[in-house]
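Residues per chain, in single letters:
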Amino acid sequence: GGRLILVDWCNDFLTNKLVQGALLVAHHTYIHRYALSRVYGVKEMTKLLTTAGFRVESAERVPLYFGWGIMVLRARA
């Protein structure tokens, strides 16, 4: 019966996609030496939470500035 509120970068926005692509290129050229994190979109994250047994109550994209944005998902166990 627990509740999960997830707020994270969202790959559904242009700037987020561009930065993700740049990090991927840097990772493959060994400029970027840290583990490359995967940035998900709302649809992908909703599917992941549902597969993990959560019931997603709401999922929204929140635009910020200069093409950046986040996602906010609310779910119950």
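It is worth spelling out the overall build of the chain at this point. In terms of helices and strands, the chain carries two helices and three strands. In the chain, the succession of α and β elements from N to C terminus is β-α-α-β-β. With 77 residues in all, the chain has 26% of them scored as buried. For the chain, contacts bridging at least 24 residues in sequence account for 58% of all contacts bridging at least 6.

Glancing now at helix 2 (residues 42-51). Listed in full, the buried residues belonging to helix 2 are Val 42, Met 45 and Leu 49. Looking down the long axis of helix 2, one finds its buried residues gathered within 65° of arc, a one-sided arrangement. The exposed residues of helix 2 that point more than 90 degrees off its buried face are Lys 43, Lys 47 and Thr 51. On its buried side, helix 2 packs onto strand 1 (3-9), strand 2 (55-63) and strand 3 (69-76). Of the residues flanking the end of helix 2, it is Gly 53, one or two places downstream, whose phi is positive at about 100°.

Pairing is possible between side chains of opposite charge, provided their charged atoms come close. Here the structure, examined in full by the defined rule, presents five salt bridges. Here Glu 57 ties to Arg 76 by a salt bridge, and the two come within 2.9 Å at their closest N and O atoms. Within this pair, whereas Glu 57 is found in strand 2, its partner Arg 76 is found in strand 3, the two being separated by 19 residues in sequence. Since its relative accessible area comes to 28%, Arg 76 is described here as partly exposed.

Cut-offs applied
Residues numbered from 1 in each chain as written. Predicted model: local features only at pLDDT ≥ 70, side-chain atom pairs only at ≥ 80, totals over all residues. Heavy atoms only, no water. Helix = DSSP H or I, 4+ residues; strand = E, 2+ residues; numbered from the N terminus. Buried < 20%, exposed > 50% of the residue type's maximum accessible area, 1.4 Å probe, protein only. Contact = heavy atoms within 4.5 Å. Arc of directions from axis to C-beta. Salt bridge = Lys/Arg side-chain N within 4 Å of Asp/Glu carboxyl O.

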